[in-house]
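Structural overview for review
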There are 2 protein chains.
Amino acid sequence: MQTFDTLSGIFNERFSKNHFNISPESLYEPCNYFLSLGGKRVRPVICLMGHELFEPIGEDAWNAATAIELFHNFTLVHDDIMDDAALRRGQQTVHSKYSSSTALLAGDVMMVAAYQYLSKIKVNTLKPILQIFNKTAIEVCEGQQLDIDFEKKDRVSLKDYIQMITLKTSVLLAASIKIGAVLGGASEGNCNHLYEFGRNLGIAFQIQDDYLDAFGNPEKFGKEPGGDIRQNKKTALLVYAMENSTEKGKKELQDLLHTDPESKVANVLQFFRNCGVDAWAKELKQQYMDTALFHLEETAVISSRKKNLTDLAEFLVQRDY
Amino acid sequence: MQTFDTLSGIFNERFSKNHFNISPESLYEPCNYFLSLGGKRVRPVICLMGHELFEPIGEDAWNAATAIELFHNFTLVHDDIMDDAALRRGQQTVHSKYSSSTALLAGDVMMVAAYQYLSKIKVNTLKPILQIFNKTAIEVCEGQQLDIDFEKKDRVSLKDYIQMITLKTSVLLAASIKIGAVLGGASEGNCNHLYEFGRNLGIAFQIQDDYLDAFGNPEKFGKEPGGDIRQNKKTALLVYAMENSTEKGKKELQDLLHTDPESKVANVLQFFRNCGVDAWAKELKQQYMDTALFHLEETAVISSRKKNLTDLAEFLVQRDY
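Please read all numbers here as calculations on a predicted model, not as lab measurements. Sequence positions are assigned chain by chain, starting from 1 and proceeding in written order. Whichever chain is written first becomes A and whichever ligand is written first becomes 1, with later ones labelled in order. Reporting in this predicted model follows two pLDDT cut-offs: at least 70 for local features of residues, and 80 or more for side-chain atom pairs to be given and counted; totals over whole chains, interfaces and linings ignore these cut-offs and use all residues. To get the side-chain values, take all heavy atoms of the structure and skip hydrogens and water.

**Structural notes on the overall build of chain A**
Heads up, the condition is: Counting from the N terminus, the helices are DSSP H or I runs at least four residues long and the strands are E runs at least two residues long. To sort residues, take the accessible area from a 1.4 Å probe on protein chains only and compare it with the maximum for the residue type: under 20% means buried, over 50% means exposed, and anything in between is partly exposed. Contacts: residue pairs with any heavy atoms within 4.5 Å of one another. Positive: Lys, Arg. Negative: Asp, Glu. His and the chain ends are not part of the count. For the purpose of locating charges, the reference atoms are NZ of Lys, CZ of Arg, CG of Asp and CD of Glu.
In terms of helices and strands, chain A carries 16 helices and two strands. Principal-axis analysis of the C-alpha atoms places the extent of chain A at approximately 60 × 50 × 35 Å. Across the 321 residues that make up chain A, the buried fraction comes to 60%. Summarising the internal contacts of chain A: among those between residues at least 6 apart in sequence, 74% fall at separations of at least 24. Of note, chain A has its 35 positive side-chain charges centred 1 Å away from the centre of its 43 negative side-chain charges.

Structure, rendered in structure tokens:
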């Protein structure tokens, strides 16, 4: 069992090879540019960790991890077009550096490249892996569509919000560890527990992300808090505050959202604190984290082998405060 | 061996079932809308015909044909975004009826749905089918990128143009018939001949398309000719005229392309006629058609079984004049 940092290092080295044809350069240079921006590589590494619970890492696990990271990057490139985001990891996004058409095609070709790696998997496990991957890929698209739909809605329920982040964020983390486990020959019961570990961890992670964007320590968080508030993004915090205020409070919050950005962030944060959103978010995150750890606990593997996964979970969800 | 019309009818009936989840409707209604616009279904039918050369059509062939048609529709939805095309088959495109974001996601989800059908194929042929499909999918993206690149270039060689249409259009036709043949248990030699049949037929078809857009009979062609000329699209005709004119002629043609659209079409057509582009295009198309038919001839199957494929080839390439 290797730590996150060790596996991430080895994965990054392997992943830095060229995944595409040489020509046309106008298509592949943008792909290579985007992949070179890096990232934490959480999804491929959790796939490798899920695999290592049961079996040493072999070619199939590397291929699956590579496919997962390529798929994740495809979603980022397309999401950036939809959000018209100028920056990703502090660098220009593909559509802003090149063009929307090129970004669209670069994303498409990354998705197909993901399937190229999957198709290398030994034939006896290829079908179940493809089925998990396809189902997850579809769910991620559904989650992104729901996120777009929510932007146009005045009110979103907490249930709908959790459903959206489950699809958009958590199922890929869940599928990543499950795919690693399936390739490691894990039983169906263990695979399902690990899936639930990843799914709940993903939700806790997203709630944490929403929390940090509002209440994070700017020095540790690396950016000024309040970005989501400035954009009126539907976050767990806003959804909770809307659901748990009086009619008068709802009206007040709705009005605040349409005020001057300068004063908006401070006023909305004060509103959040007044109705206890900060404590609630920490509590909700902890609930999902506890459920995640319960499923890891239930996975029939000796505890010492799970330590690196527990550490990763704590790192992802406790980071920066 | 069934005719194109028979197979197309049966395929359309099967294809009219729902391929997606129910929710979110905001994602799947646009997908279903686009698929309902119809089309000739040439690619899935040629897949079925390639299969029927060797074996009666079974579930695997239907699944492959469905995957191919879903993939083709994914490319159309994304191409329409890139071209900002308002209409497809006389109806609104997905991005103009809904939004670019929804069209992007609808395309993405259609591509994954294609892989869902492929993953149903029996495990003994799944790998070779995935490999052909993946390679082709990547080539189609490359062809689209080259087409975009050509728009910005003043001059494109005939060789580069043929390479672009091969990737953008022909390889999917070629892969469709090859996939059908592989699933039918055809030998490698036969599969390769059928691939070359499809590839050359696809090129002949595209040259025909370019020809009809310029010289087609408006009554039979169903639209006013000259659309490509109006848009200064790099077609086989323009590429040939540029390559085969004197420096003075090249300059004249270049200037004509920047004149008033009213007079441009007639003047460019006259220029084309003066340097014999119309006869040349017919000749070039016939060369590719002959090569296609040669490869069909070389396929080791009794001639009578190939008749419907020959008829389809003639229909596709001789249509409307």
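**Some details on the environment of Leu194 of chain B**
Residue and element names in this part refer to chain B. Take Leu194: it is sitting in helix H9 (residues 188–215). Remark: the alpha-carbon pair of Leu194 and Cys275, spanning 81 residues in sequence, is separated by 35 Å. Ignoring anything within four residues of it in the chain, the contact list for Leu194 reads Leu53, Phe54, Ile177, Ala181, Leu296 and Thr299.

**Considering the packing of helix H4 (residues 59–83) of chain B against helix H6 (residues 100–118) of chain B**
Residues and elements named next belong to chain B. The criterion, for reference: Axis lines are fitted to C-alpha atoms, over the contacting stretch for helices. Their N-to-C directions set the angle, which ranges from 0 to 180 degrees. Under this scheme an angle from 65 to 115 degrees is roughly perpendicular, one under 35 degrees roughly parallel, and one over 145 degrees roughly antiparallel; angles in between are oblique. What makes a crossing left-handed is the near helix being turned counterclockwise from the far one by less than a right angle; a clockwise turn instead makes it right-handed. In this classification, the charged set is Asp, Glu, Lys and Arg, the nonpolar set is Ala, Val, Leu, Ile, Met, Phe, Trp, Tyr, Cys and Pro, and all remaining amino acids, among them Gly, are polar.
Their axes nearest at 8 Å, the elements H4 and H6 cross at an angle of 165 degrees. Viewed along their axes, H4 and H6 adopt a mutual orientation that is roughly antiparallel. Considering how the two elements wind past one another, H4 and H6 form a crossing that is left-handed. Listed contacts from H6 to Asn63, Ala64, Thr66, Ala67, Leu70, Phe71, Asn73, Phe74, Val77, His78 and Ile81 of H4 are Ser100, Ala103, Leu104, Gly107, Asp108, Met110, Met111, Ala113, Ala114, Tyr117 and Leu118. Per-class residue counts for the contact of H4 with H6 are 15 nonpolar, six polar and one charged.

**Notes on the relation of the copies chain A and chain B**
Applied cut-off: Only residues with pLDDT of at least 70 in both copies contribute their C-alpha atoms to the least-squares superposition of the copies.
Here chain A sits on chain B after a turn of 180 degrees about the axis and a move of 0.0 Å along it, with an RMSD of 0.0 Å. Expressed as a symmetry operation, the mapping of one chain copy onto the other fits a two-fold axis. A high fraction, 100%, of the interface residues of chain A reappear at the interface in chain B, so the copies pair face to face through one surface.

**Notes on the confidence of the model for chain A**
The condition that has to hold: pLDDT is a per-residue confidence score from the predictor, ranging from 0 to 100.
With 98% of its residues at a pLDDT of 70 or more, chain A has an overall mean of 94. Under the prediction, the complex receives an ipTM of 0.95, its pTM being 0.96.

**Some words on the interface of chain A and chain B**
The condition is simple: Take the accessible area each of two parts loses on contact, using a 1.4 Å probe, and add the two losses: that sum is the buried area. Salt bridges are identified by distance alone: a Lys or Arg side-chain nitrogen within 4 Å of an Asp or Glu carboxyl oxygen. Here a polar contact is taken to be a pair of N or O atoms separated by no more than 3.5 Å, where protein atoms must pair a possible hydrogen donor with a possible acceptor and residues adjacent in sequence count only if both atoms sit in side chains.
Across the contact, 40 residues belong to chain A and 40 residues belong to chain B. Across the chain A/chain B interface, buried area totals approximately 3,500 Å², and carbon plus sulfur atoms make up 69% of it. Looking only at chain A, the three residues that lose the most surface to chain B are Leu105, Lys127 and Gln145 of chain A, adding up to 16% of its buried area. Taken together, chain A and chain B are joined by zero salt bridges. Between the two partners, chain A and chain B, sit 16 residue pairs in polar contact (both at pLDDT 80 or more). Contributions of two or more residues to the side of chain A that touches chain B are made by helix H2 (25–36), helix H4 (59–83), helix H6 (100–118) and helix H7 (123–151) of chain A.

**Remarks on the nonpolar core**
Heads up, the condition is: For our purposes a nonpolar core is just a set of buried Ala, Val, Leu, Ile, Met, Phe, Trp, Tyr and Cys residues, chained together by side-chain atoms within 4.5 Å.
Counting residues in hydrophobic clusters, the biggest one holds 240 residues, and the most contacted among them are Leu201 and Phe272 of chain A together with Leu201 and Phe272 of chain B. When sequence neighbours within four positions are dropped, the list of residues in contact with Phe272 of chain A reads Phe215, Ile229, Leu237, Leu238, Ala241, Val277 and Asp278 of chain A.

**Regarding unusual backbone geometry**
Here the residue pair Ser23 of chain A and Pro24 of chain A is connected by a cis peptide bond, since its omega of 0 degrees sits within 30 degrees of zero. One non-glycine residue, Arg41 of chain B, lies in positive phi territory at about 60 degrees. Note on placement: Arg41 of chain B falls in the loop between helix H2 (25–36) and helix H3 (42–52). For Arg41 of chain B, a relative accessible area of 5% gives the class buried.

**Topic: helix H14 (residues 261–274) of chain B**
Residues and elements named next belong to chain B. The cut-off we apply is this: Given the number of residues in a helix, its expected span is that number minus one, multiplied by 1.5 Å. Each C-beta atom gives one direction from the helix axis, and the arc is the one those directions make.
The end-to-end C-alpha separation of H14 is 20 Å, in line with the 20 Å expected for 14 residues at 1.5 Å each. Every buried residue of H14 is accounted for by Lys264, Val265, Val268, Leu269, Phe271 and Phe272. Within H14, the buried residues cover an arc of 160 degrees as seen down the axis, which keeps them to one side. Opposite its buried face, H14 presents the exposed residues Glu262, Ala266 and Asn274, each directed more than 90 degrees away. The inward-facing, buried residues of H14 contact H9, helix H11 (227–230), helix H12 (236–243), helix H13 (247–257) and helix H15 (277–298). Note on H14: the residue one or two positions beyond its end, Gly276, has a positive phi of about 70 degrees.

**Considerations on helix H1 (residues 4–15) of chain B**
Residue and element names in this part refer to chain B. Its twelve residues give H1 an end-to-end C-alpha distance of 16 Å, which sits within 8% of 16 Å, the value for a rise of 1.5 Å per residue. Three or more residues of H1 are buried, namely Phe4, Leu7, Ser8, Phe11 and Phe15. The buried residues of H1 all sit within an arc of 100 degrees when viewed along its axis, so they share a single face. In H1, the exposed residues that point more than 90 degrees away from the buried face are Asp5 and Glu13. Residues of H1 that are buried make contact with H2, H3, H4 and helix H16 (303–318).

**A word on the packing of aromatic side chains**
The condition is simple: For this analysis, a ring pair means two rings from Phe, Tyr or Trp (six-membered ring only for Trp) whose centres lie within 6.5 Å, classed as stacked if their planes differ by under 30 degrees, edge-to-face if by over 60, and tilted for the remaining angles. For a lysine, the NZ atom is tested; for an arginine, the CZ atom; a charge sits over a ring if that atom is within 6 Å of the ring centre and within 35 degrees of the ring normal.
Scanning all chains against the criterion turns up 17 aromatic pairs over all chains. On the numbers, 6.0 Å between centres and 70 degrees between planes, the contact of Tyr33 of chain B with Tyr98 of chain B is edge-to-face. On the criterion of sequence distance, the pair formed by Tyr33 of chain B in helix H2 and Tyr98 of chain B in the loop between helix H5 (94–97) and H6 is long-range, its members being 65 residues apart. The class for Tyr98 of chain B is partly exposed, based on a relative accessible area of 26%. Note on Phe71 of chain B and Phe133 of chain B: the rings are 5.4 Å apart at their centroids and 75 degrees apart in plane angle, and the pair reads as edge-to-face. Here Phe71 of chain B, found in helix H4, pairs with Phe133 of chain B, found in helix H7 (residues 123–151); they are 62 residues apart in sequence, far enough to count as distant. The pair formed by Phe71 of chain B and Phe133 of chain B is uniform in burial state, with each residue classed as buried. Sitting over the ring of Tyr33 of chain A, Lys97 of chain A keeps its end group 4.7 Å from the ring centre.

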